[in-house]
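Here is how the chains run, residue by residue.
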Number of protein chains: 2
Amino acid sequence: MTLTNTDAVATRLLRDQETPSLVLDERLMTANIRRMRERAHALGVQLRPHLKTPKSIDVARRIMDTPEGPATVSTLQEAEQFAQAGVRDILYAVGIAPNKLDRVVALRRQGVDLTIVVDSVEGAQAVAQKSRASGTRIPCLIELDTDGHRAGVAPDQTDRLLAIGRALHEEGAELRGVMTHAGESYNCASTQAIEAMAEQERRGAVACAQALRHAGLPCPVVSVGSTPTALFSRDLSGVTELRAGVFVFFDLFMAGLGVCSQDDIALSVLTTVIGHQEDKGWILVDAGWMAMSRDRGTAKQKVDQYYGVVCDIDGKPYPDLVMRETNQEQGILALRPGSTATLPDLPLGTMVRVLPNHACATGAQHDSYHVIQDDSGRVAAHWPRFRGW
Amino acid sequence: MTLTNTDAVATRLLRDQETPSLVLDERLMTANIRRMRERAHALGVQLRPHLKTPKSIDVARRIMDTPEGPATVSTLQEAEQFAQAGVRDILYAVGIAPNKLDRVVALRRQGVDLTIVVDSVEGAQAVAQKSRASGTRIPCLIELDTDGHRAGVAPDQTDRLLAIGRALHEEGAELRGVMTHAGESYNCASTQAIEAMAEQERRGAVACAQALRHAGLPCPVVSVGSTPTALFSRDLSGVTELRAGVFVFFDLFMAGLGVCSQDDIALSVLTTVIGHQEDKGWILVDAGWMAMSRDRGTAKQKVDQYYGVVCDIDGKPYPDLVMRETNQEQGILALRPGSTATLPDLPLGTMVRVLPNHACATGAQHDSYHVIQDDSGRVAAHWPRFRGW
């Protein structure tokens, strides 16, 4: 196992770190990865993990089947960063803007099998034109909208689907298949509803693949996925690959959805107590929304977790203690409204860890992970993150 | 006027930039700075701009009275970055954690007059102890809580105030004064309410300064401020300095509060159309919450601006077009609910600019400003931003 910068930090403890900072419990991450791998294996599909969540090559290498991939990304910056680190099979899973095609071609010329996504005839024609101009058939998946959530061709828009397929296949690009993302699974009220959403996602994608093939067009890839549907899908007949991202760390939103338990959350923000307002029952810390992100996803779930669940430095939650409010660089810890628990005594300088609403958003606020691997309180490695576009 | 990297970008146009990216209209910024300067001058106080908003030395030099300051920061990383660029008079305006005092001492040893903030006897004692140990009297302001918003000593807690003052003054630190921030002004329903909040902020700070002086303790500095109270204060008798940050760019939240007009907002996110869902009236763009931030501050104001107001590439708003929803790297533009306006025809590849809810949060998602100075569409400079702690 290769750890980045291991030597430099081998003797440092979590309690000696600057705060706020991002803590990653590798044991929990490893268990989360194993769970998703086992799901993909049981369902008989290739796992193509979404690396927009970790934005770290150290994490990526632990999720991907091989150091070359496959992988999914949400920006060309991610594609470029992972390509530089040796990843060779990458799906850029956001609809392509024509002004990004030069960067796509540049990556393909470096030997990266980069696939892009289109959902319109104009988009397909732009890719076909760039394919002809650059002498490389750029591989494309047609994005499908199986849940009304964002971009993509609806499964009943067969004419649109075939027109895009023909524009790609007949005008110089490579039609590689179809992809969909059931983002609506984040709003499901039960695991039964997630199961149903997974089947809706599968059925829509497979129907579109069949429509393309029926029309004489190629469709080798049928790509589906979101962390909830990936974990609760019962059958993926006709699907070739599964995409999911947030499962690697999980977060309070996923726990609220019933997709994981709070104990599975591998990511937290380490922060230091900087003051108290005793009459209000407030404990102030040096992590505000800059360190936690402004994501308040759990506000619309059954249990609002505010800006996060507060744990001690070893990761054990304090009963009913949450980050109730934030300023840019200050968080206010307090008991949940109506709680009968006792506010813990956390003197000035005490360090705590806060579990986030949304791992992708909180992670993005930080430049590295402080990796812990056991209960010693030792920071075993610092893994860098990147960002940008 | 010195522009960073001017030569490298002198011939580039906004429409040639990678998206999403952050655009700064320097003309609007200059007018916003002039307005705040004139306020401070009229009120007879020193302006100590809060540099947590820009996190850029290029912007900082245009706000500060001199290249050496004075300035306010929200993290020690900001203090270190600005110190490296020559700023010498810095207030770190977040309650100090004892584990940060070594970095404070290091900056002071480099010749930076760094002032810190405490609001407890324990905190004061930790600073006094570090002062003695390091042989430098670390200057402190006592944080006051004049509006129940976050940290600080309430104006009626005179015993607590004097105990902190004595611990600082008599045990080895430097008691330099008091500071308060009327964060509650962000929740005011009218400019009259902001005026009243400004007077409450002033009165509380001055009363505490007088209590300290009455007890024989020094209190040369009386520091107040927030962008709303700074702009609507009628009188700052007894106050020595004014802090404000977001005024440099303004944003939709400040416009909703009546503190500026939407036309004053100097910051926007440039983004490209990547698709359409015609039956839903949606236009998809390549800026999602990663580029805009998750800040939805206007959701609780009279007019909800969703994730932002959409303008053309020249900065002119489209009637009723807002960013209604976001995914990580995709935004959904649509008309406001109930609007009778016509959805503009924005073909694939069209670039638009989106005004943000909160300039501090949106700016933090980006690594540089693309600076425009006129209507030519030319990018005159790229100014780097930094981040972290």
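Residues numbered from 1 in each chain as written. Chains lettered and ligands numbered in written order. Predicted model: local features only at pLDDT ≥ 70, side-chain atom pairs only at ≥ 80, totals over all residues. Heavy atoms only, no water.

## Notes on the overall build of chain A
Then, number 1: Each helix and strand in chain A was counted, giving 12 helices and 17 strands.
Then, number 2: Relative to the 2.2 N^0.38 estimate, which gives 21 Å for 389 residues, the radius of gyration of chain A is 22 Å and therefore close to what a compact globule would have.
Then, number 3: Out of the 389 residues in chain A, the part that is buried amounts to 63%.
Then, number 4: Across chain A, the fraction of contacts at a sequence separation of at least 24, relative to all contacts at a separation of at least 6, is 67%.
Then, number 5: Working note: accessible area of chain A is about 13700 Å², and carbon and sulfur atoms make up 48% of it.
Then, number 6: The average position of the 41 basic charges and that of the 47 acidic charges among the side chains of chain A differ by 4 Å. (Helix = DSSP H or I, 4+ residues; strand = E, 2+ residues; numbered from the N terminus. Rg over C-alpha atoms; globule rule 2.2 N^0.38 Å. Buried < 20%, exposed > 50% of the residue type's maximum accessible area, 1.4 Å probe, protein only. Contact = heavy atoms within 4.5 Å. Areas by Shrake-Rupley, 256 points an atom, 1.4 Å probe, with all protein chains shown as cover. Lys, Arg positive; Asp, Glu negative; His and termini not counted. Charge placed at Lys NZ, Arg CZ, Asp CG, Glu CD.)

## As for the relation of the copies chain A and chain B
Then, number 1: You can overlay chain A on chain B at an RMSD of 0.0 Å; the transform is a turn of 180° with a shift of 0.0 Å along its axis. Interpreted geometrically, this transformation is the action of a two-fold axis. If distances are taken from each C-alpha of chain A to the rotation axis, the shortest is found for A:Arg294, at 2.5 Å.
Then, number 2: Interface overlap between copies: 100% of the residues of chain A at the interface are likewise at the interface in chain B, consistent with a symmetric, same-surface contact. (Least-squares fit on C-alpha atoms with pLDDT ≥ 70 in both.)

## Some words on the sheet that holds strand S2 (residues 46–47) of chain B
Strand pairing in a sheet relies on backbone hydrogen bonds, with the paired strands running either antiparallel or parallel.
All names here are of chain B.
Then, number 1: Reading across the sheet, the eight strands line up as S2-S9-S8-S7-S6-S5-S4-S3 and stay open at both edges, with parallel pairing between neighbours. A strand with exactly one partner marks an edge of an open sheet, and here the two such strands are S2 and strand S3 (71–73).
Then, number 2: Relative to strand S6 (residues 139–144), strand S5 (residues 113–118) runs parallel, the two sharing three bridges. Directly across from Ile116, in S6, lies its bridge partner Cys140.
Then, number 3: On top of the sheet, helix H5 (residues 101–109) reaches S5 and S6; it is set at about 155° to S5, its chief contact. (Pairing = 2+ DSSP bridges. Axes fitted to C-alpha atoms, helices over the stretch in contact; angles between N-to-C directions.)

## What about the interface of chain A and chain B?
Then, number 1: Every contact between the two is made by 58 residues of chain A and, on the other side, 58 residues of chain B.
Then, number 2: Between chain A and chain B, roughly 4800 Å² of surface is buried when both sides are summed, and carbon and sulfur atoms account for 48% of that area.
Then, number 3: Its largest share of buried area at the contact with chain B, chain A owes to A:Arg150, A:Arg387 and A:Trp389, together 17% of the area lost on that side.
Then, number 4: Here A:Asp367 ties to B:Arg387 by a salt bridge, and the two come within 2.6 Å at their closest N and O atoms.
Then, number 5: Linking chain A to chain B there are 35 residue pairs in polar contact (both at pLDDT 80 or more).
Then, number 6: Secondary-structure elements contributing two or more residues to the side of chain A that touches chain B are strand S4 (89–95), helix H6 (121–134), strand S10 (267–277), strand S11 (282–285), helix H11 (289–292) and helix H12 (359–363) of chain A.
Then, number 7: The leading source of residues in the side of chain A that touches chain B is S10(A), at six residues. (Buried area = accessible area lost by both parts, 1.4 Å probe. Salt bridge = Lys/Arg side-chain N within 4 Å of Asp/Glu carboxyl O. Polar contact = N/O pair within 3.5 Å; in protein donor to acceptor, adjacent residues only side chain to side chain.)

## Re the pattern of salt bridges
Then, number 1: Considering all chains together, one arrives at 50 salt bridges over all chains under this definition.
Then, number 2: Taking the shortest distance from any N to any O, the salt bridge between A:Asp25 and A:Arg27 comes out at 3.1 Å.
Then, number 3: Of the residues examined, A:Arg27 reaches a relative accessible area of 37% and is grouped as partly exposed.
Then, number 4: For B:Lys100, the salt bridge is made with A:Asp286, and the minimal N-O distance between the two is 2.4 Å. A residue pair is termed interchain when its members come from two chains, as with B:Lys100 in the loop between strand S4 (89–95) and H5 and A:Asp286 in the loop between S11 and H11.
Then, number 5: B:Lys100 gets classed as buried once you look at its relative accessible area, which sits at 5%.
Then, number 6: Accessibility expressed as a relative area gives 4% for A:Asp286, which makes it buried.

## Section: the pairing of strand S7 (residues 174–180) of chain A
Residues and elements named next belong to chain A.
Then, number 1: Counted residue by residue, S7 has six buried out of seven residues, so it is predominantly covered.
Then, number 2: Bridge analysis of strand S6 (residues 139–144) against S7 gives six bridges, and the strand direction is parallel. Bridging from a neighbouring strand, Ile142 pairs with Val178 of S7.
Then, number 3: Considered for its hand, the β-α-β crossover made up of S6, helix H7 (residues 158–171) and S7 is right-handed.
Then, number 4: The sheet contact formed by S7 and strand S8 (residues 221–224) spans three bridges and is parallel. Considered in S8, the bridge of Met179 is made with Ser223.
Then, number 5: For the crossover from S7 across helix H8 (residues 191–214) to S8, the handedness is right-handed. (Right-handed = clockwise from strand over helix to strand, strands pointing away.)

## Focus: the domain arrangement of chain A
Residues and elements named next belong to chain A.
Then, number 1: Each assigned domain of chain A is listed with its residue range as follows: domain 1 (26–249) and domain 2 (262–384).
Then, number 2: Using only C-alpha atoms to locate each centre, domain 1 and domain 2 end up separated by 33 Å.
Then, number 3: Contact residues are listed per partner, giving 18 residues for domain 1 and 17 residues for domain 2.
Then, number 4: Of all residues in domain 1, the largest losses of buried area upon contact with domain 2 belong to Glu26, Arg27 and Phe249, amounting jointly to 41% of the total for that side.
Then, number 5: Viewed at the interface, domain 2 and domain 1 are joined by one salt bridge.
Then, number 6: Between Arg27 and Asp375 there is a salt bridge; the shortest N-O distance is 3.2 Å.
Then, number 7: If one sorts the elements of the side of domain 1 that touches domain 2 by residue count, helix H2 (residues 26–43) sits on top with five residues.
Then, number 8: Grouping the amino acids of the side of domain 1 that touches domain 2 by side-chain chemistry returns eight nonpolar, four polar and six charged. (Domains from an automatic or database assignment. Nonpolar A, V, L, I, M, F, W, Y, C, P; charged D, E, K, R; others polar.)

## Some words on the UniProt feature "domain: D-serine dehydratase-like" (unreviewed entry) in chain A
Then, number 1: Per the UniProt record, "domain: D-serine dehydratase-like" (unreviewed entry) is annotated on residues 266–373 of chain A.
Then, number 2: Across residues 266–373 of chain A one finds 8% helix and 41% strand; the C-alpha atoms that close the span lie 11 Å apart. (UniProt positions renumbered as here; feature names shortened; annotations may be inferred.)

## With respect to the sheet that holds S7(A)
All names here are of chain A.
Then, number 1: Here we have eight strands laid out as an open sheet, ordered S2-S9-S8-S7-S6-S5-S4-S3, and parallel in their pairing. Each edge of the sheet is formed by a strand with only one pairing partner; in this case those strands are strand S2 (46–47) and strand S3 (71–73).
Then, number 2: Each of S3, S4 and strand S5 (113–118) touches helix H4 (residues 76–84); the most contacted strand, S4, lies at about 170° to it.
Then, number 3: On top of the sheet, H7 reaches S5, S6 and S7; it is set at about 170° to S6, its chief contact.

## Looking at the side chain of A:Thr146
Residues and elements named next belong to chain A.
Then, number 1: With respect to the helices, strands and loops of the structure, Thr146 is situated in the loop between S6 and H7.
Then, number 2: Among the polar contacts made by the side chain of Thr146, one reaches the side chain of Thr180 at a distance of 2.9 Å.
Then, number 3: Ignoring anything within four residues of it in the chain, the contact list for Thr146 reads Pro155, Thr180, Gln200, Glu201, Gly204 and Ala205.

## Details of H7(A)
Residue and element names in this part refer to chain A.
Then, number 1: Spanning 14 residues, H7 covers 19 Å between terminal C-alpha atoms, matching the ideal 20 Å at 1.5 Å per step.
Then, number 2: Turning to H7, the residues buried within the fold contact S5, H6, S6, S7 and H8.
Then, number 3: Backbone geometry just downstream of H7 places Gly172 in the positive-phi region, at approximately 125°. (Expected span 1.5 Å × (residues − 1).)

## Points about the packing of aromatic side chains
To describe a pair of aromatic rings, you give the distance between the ring centres and the angle between the ring planes.
Then, number 1: Counted according to the given criterion, the structure contains six aromatic pairs over all chains.
Then, number 2: Taken together, a centroid distance of 5.3 Å and an interplanar angle of 70° make the contact between A:Phe82 and A:Phe386 edge-to-face. Of the two residues, A:Phe82 sits in helix H4 while A:Phe386 sits in the segment after strand S17 (381–384), which places them 304 residues apart along the sequence. For the pair A:Phe82 and A:Phe386, a shared accessibility class is recorded, and that class is buried.
Then, number 3: Summarising the aromatic geometry, the rings of A:Phe249 and A:Tyr369 are spaced 5.6 Å apart at their centres and angled 55° between planes, so their arrangement reads as tilted. Of this pair, A:Phe249 sits in the loop between strand S9 (241–242) and helix H10 (252–256) while A:Tyr369 is found in strand S16 (residues 368–372), placing the two residues 120 residues apart along the sequence. Take A:Phe249 and A:Tyr369: they sit in the same class, and that class is buried.
Then, number 4: A:Arg296 extends its terminal NZ or CZ atom over the ring of A:Tyr307, reaching a point 5.5 Å from the ring centre.
Then, number 5: Across from the ring centre of B:Tyr306, 5.2 Å away, lies the NZ or CZ of B:Arg324, which sits over that ring. (Phe/Tyr/Trp six-rings, centres within 6.5 Å; stacked < 30°, edge-to-face > 60°. Lys NZ or Arg CZ within 6 Å of the ring centre and 35° of its normal.)

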